[in-house]
Every structure is written in C-alpha cells, then in structure tokens.
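One-letter residues, chain by chain:
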Amino acid sequence: MPFNPEFLMEGFPATVREAARDVRVVARADVVVVGGGPAGLAAALGAARNGASTLLLERYNHLGGLASGGMVLVLDDMWDAHLGEIAVRGVCLELIERLAARGLAQFPREDEWGRDAASLQRWTRWGAFDFNSRDKPHPIVFAAAFDPDGFKRLALEMTSESRIALRLHSWFSHALVEDGRVKGVVCDTKSGREAVLADVVIDTTGDLDVAASAGAPFSAGAYILTTVFRLGNVDTETAERFEREEPAAFAVLDKQVKSLIGGSWAHWWLKTPLPGVVWCNCPHMSGLDGLKVEDLTTAELRGRGHLHAAVDFLRAHLPGFERCVVIDVAPQTGVRQTRLLEGDYIVTKEDLAERRRFADAVARGRDYTTPYRALLPRGLDNLLVAGRHYSATSSAQKVSREIPPCMAMGEAAGVAAALALSAGVNVRDVDVRALQRRLREQGADPGDQSGRNADVPALARRIQQRETA
Ligand SMILES: Cc1cc2nc3c(=O)[nH]c(=O)nc-3n(C[C@H](O)[C@H](O)[C@H](O)COP(=O)(O)OP(=O)(O)OC[C@H]3O[C@@H](n4cnc5c(N)ncnc54)[C@H](O)[C@@H]3O)c2cc1C
C-alpha cells in the first residue's frame, strides 16, 4: 500500500484559494477534440475530413489512449452474431487495414469464422472470438489483434494526412463556458496554462473531464481497474501445444497462475503480432476509483506485486514461459469506467439486450446501436461527447465500451460537428438523416437501417477472393 501521510495535514486548511489570472490563448479551431484515444482519433478524423479545421489535444506523448498506452490489444465487439456480420466499419476498419498492411494486425478472414476445430486452434489465443457467446468454446469471429506502437504510429500518420493540428502533452484543466455555450478549454502544460478556443468541443477524455467541468449532469460509474502488461520471450507454440495436449495439467497450472494474479478473464494471455510477445489483460482490481490519485497509485503498486509473483511462478512452472521477461506495464492505467454522461438519452442494458434500433442511431457496436442523443450533454451547447463515458447506465456501458464502438461514436461526433458548422446550427440541431447519410457515404455504418449489409468488407474476405478481386 502507498505511504499516505495524512497526519502531516494536521493543523493545515482543507482548501486553498487560487488567484485569478490571464491565460495565454495558443490556438483556435472550428472543432477541438479533447483526448486522443480511439474515440478522439476517430472524432478528429471525422471532423477534419468533412471540412472543419480541427485540433486534437492529448495529455500523453502519443495517441491511442487505452488501445495503445493502455495496451489493450484486441479490437473486438465489432461482430454482430445475430446478423453474422462486421458491425463497426469506417475509420476503425481503415485503421485495421493499414495496420495489417504493415504486419501489425492479425485477424481471421470470413472462411475462418465459426467453430471449425482448425480455426479455433489457430485464432483463440489471438483473442479473435465472440466473448459474448454462450457457446463453449467461443466461436471465432472478426476481431483484430494489433501492435500498440503500430496504433500510435498510424494514428499520427492519419492525423497529419488529414491536417489535424495536434497538441500533445496538454492536460485538460477546465472548460470555458459562457451562457451554456462551450467556447474552448484550458490545459495545463509544462509552459503553464494554455487556452484553446473552439466553435465546437468534443469530449473524448473517457472520464468526461470536459463535460463535467462545463456542468453537464453525469452519474458516478465504477468497474474493475487493470494494470495490463506484456511478456516477451514466450514460446507460444509450446504453450499452446501444452494447453491442447495436456488439458488436465494445464488446468491445474492455469488456476494457480490466476490465483497469483488475483483477477483475470479466462484467457489471461493473448498473442500479439510481435513473435514471442504476449499481452496479459490482468491483474484486475476492484474497489478502486479511476479518478482518485490515491487509488490510481494503489493500483500501480498492487498490480505490480501481483504480476511479478505470477511471472516468477510462470518461469518456474508453465511450459513455454520458462524464459519469459516483463517487457512493460501499460503506461495508461486500465480504467474502464468513471463518470458517465447523463445526456439527452441514457442507453440502458435493456436497450442493448433488446437490440433496440433508434431512429437517430449514428453508431453500431456488436449487436446494438447508439443514438445521437447519447452524445449530447443536457443543458449545454456546442459540446459533444464520444467514447467510454457516453450517456449510458453503468451496466450498459460495461458491455458497450470496447474500442471499435468507441471509434464509431467518435467518428459520428466528428462528422456531426462538421455538419453543424457548415449548416450554421448548434450540434443539437444537426439534421440526423444527413449525418447518417454522410457516415454511410464515407464507409461507416450508423446502424439506422435494419438487416445485413450487402458486402463483407474487402479486408475480411477470404484470401483467394481478395487476391482475385
Ligand atoms: C484493461 C482493459 C482491457 C480492455 N480490453 C479491451 C479489449 O480487449 N478490446 C477492446 O476493444 N476494448 C477493451 N477495453 C475497453 C477499451 O479499451 C476502452 O473502452 C476504449 O479504449 C475507450 O476509448 P476512449 O477513446 O473512449 O477512451 P480512452 O481509451 O481512455 O482514451 C481517452 C484519451 O483521452 C486522454 N485524456 C484523458 N484525460 C485527459 C485530460 N484531462 N487531458 C488530455 N487528455 C486526456 C487519454 O490520455 C486518452 O488518450 C479494455 C479496457 C481496459 C481498461
């Protein structure tokens, strides 16, 4: 546990008053996106590709958020099991295609989807299975394992191709609001406070930092935290063979590893496109608040304790892991849920379970759609929200927060911002039909039409078809 010298506070005041000061304005743009994670990247691309001057702010030195800095290395939850098709398209598929072209993403093609034994054997340890399926083993579906540095690199390439102004190392501090209109944001930087002005601001911080600061209503969500890590020098072939050929011995060792880790999903290690490098989506920790410095510090210390105990055991006992080494622990802590917007519409678990089709749907996830109203903060103008803090109940968010649906929401928010500006209207008054049309024209699926898409996206077609196409 971290040393927390509360007694040193005795006799000191509970608060101090900051002096008012002028803040230097360093930039302005039609659209300012705050938070360069998957949703923010897609939002910035959506806005810039539709004619808006766009600026993207990010606190760290890279883009990608939990997908890259958080080392969450499977793009999943993009497979609609009811329709048997890829639900999330647009910027997300474009990114996968560009990563794959450089050997930095792996995914099963259409002839490998399902429960064929060879396909299960080939793809399960890539994490390319439908984790929502009740069938065991889970069927193989379209999902892409990727390299985190590849994500960072492609994100930078794509933002510069679209002429998006980028300000990294800028930590959002507070929103500038006048009469309910969001006018810009203030960031903390090494050079002091900096203001960035905007006609439309999109909050993609994942923790609703901007909307909360602007006064938007929200609920306090909570879920497990995870300090994801990667191991190198793993003989994955040997590890998979052991699991397949000696299931009883494997089950005993796997249980022991999991008890040392202290919390994980069934498949605690998955392959990455780098040979011998696996990612470990564990240890999970509950009862910690992703907004509290004390809890985030505790997560780091507790998580490392668990993972090093597990790694010592792996090296001593698990075939394939004898020479494994810890390459890195994700620099971005694995926070899944904190503040959740209470927007014009709050998505519920029933909406998802019933596959409710909204007339104002602008994004799809696995087998659900997201209404435009869930991106709109109540009582504020010129502010949109996209990503894991979108307007949903805590239980609904837990099953609709994966990277691809967050990218789909981001793309919709970015395009909506650009359409609002070109029509000279507030984001709340955007013509949703026009937004859905524009999203479809640029390859996304807003989810407003029932039934299956006519095509399998080119990158997912069986290899032979792709070569002859
Ligand atoms: C451990 C873990 C495992 C997961 N596994 C998977 C998986 O296998 N597959 C999957 O698809 N999804 C997975 N998820 C979910 C997924 O990673 C997230 O829900 C998704 O990344 C959310 O995207 P986002 O853009 O909304 O938020 P984030 O990815 O959190 O991005 C937010 C961005 O905003 C920046 N930011 C935040 N605050 C500020 C600020 N004040 N100023 C400036 N910048 C700021 C952050 O640095 C970050 O770049 C997992 C999540 C976790 C935590």
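Relevant structure appears above.
Worth saying up front: this structure is predicted, and the values here are computed from it rather than measured.

J.: Explain the nonpolar core here, please?
T.: Generally speaking, nonpolar side chains in soluble globular proteins are found buried as a group. Residues I96, F142, Y372 and L384 are the most contacted members of the largest nonpolar core, which totals 93 residues. Ranked by residues supplied to this core, first place goes to helix α11 (residues 403-423) with 13 residues. Once residues lying within four places of it in the same chain are set aside, the contact partners of I96 are L75, M78, A105, F107, F142, A144 and L459.

J.: Before we go on, may I ask you to explain the environment of G387 in this structure?
T.: Of note, G387 is situated in the loop between β23 (383-385) and α10 (394-398). G387 gets classed as buried once you look at its relative accessible area, which sits at 3%. Sequence-wise, G387 and R401 are 14 residues apart; in three dimensions their C-alpha atoms are separated by 7.2 Å.

J.: Looking at this structure, how should I read the site of the ligand?
T.: Close to the ligand lie 34 residues; E58, R59, V74, F172 and R401 are nearest. Note that an oxygen atom of the ligand is positioned 2.9 Å from one of the backbone N or O atoms of L66. Contact with the protein chains covers 98% of the free accessible surface of the ligand, which is 990 Å². Elements represented by at least two residues in the shell around the ligand include exactly α1 (38-48), β9 (171-178), β19 (334-335) and α11. For the shell around the ligand, the element with the highest residue contribution is α11, accounting for three residues. Broken down by class, the residue content of the shell around the ligand amounts to 14 nonpolar, 12 polar and eight charged.

J.: Please explain the layout of surface pockets as it appears in this structure.
T.: What the second largest pocket holds in volume is close to 280 Å³. As for the second largest pocket, its lining consists of 13 residues, and the residues nearest its centre are H82, N132, A353, R366 and D367. No other element matches helix α9 (residues 349-353), which puts three residues into the lining of the second largest pocket. Considered class by class, the residues forming the lining of the second largest pocket number five nonpolar, three polar and five charged.

J.: Where do I start with the sheet that holds strand β17 (residues 284-285) in this structure?
T.: Note on sheets: strands pair through backbone hydrogen bonds, and any given pair is parallel or antiparallel. Ordered by their spatial adjacency, three strands build an open sheet running β17-β13-β19, and the pairing between neighbours is antiparallel. Each of the sheet's edge strands pairs with one partner strand only, and the pair in question is β17 and β19.

The rules behind each value
Residues numbered from 1 in each chain as written. Predicted model: local features only at pLDDT ≥ 70, side-chain atom pairs only at ≥ 80, totals over all residues. Heavy atoms only, no water. Core = buried A, V, L, I, M, F, W, Y, C linked by side-chain atoms within 4.5 Å. Buried < 20%, exposed > 50% of the residue type's maximum accessible area, 1.4 Å probe, protein only. Helix = DSSP H or I, 4+ residues; strand = E, 2+ residues; numbered from the N terminus. Contact = heavy atoms within 4.5 Å. Near = heavy atom within 4 Å. Polar contact = N/O pair within 3.5 Å; in protein donor to acceptor, adjacent residues only side chain to side chain. Areas by Shrake-Rupley, 256 points an atom, 1.4 Å probe, with all protein chains shown as cover. Nonpolar A, V, L, I, M, F, W, Y, C, P; charged D, E, K, R; others polar. 1 Å grid on protein atoms, 1.4 Å probe; cavity = no way out; pocket = protein on both sides within 12 Å on 5 of 7 lines; lining within 4 Å. Points joined across faces, edges and corners; volume = space filled by probe spheres on them. Pairing = 2+ DSSP bridges.

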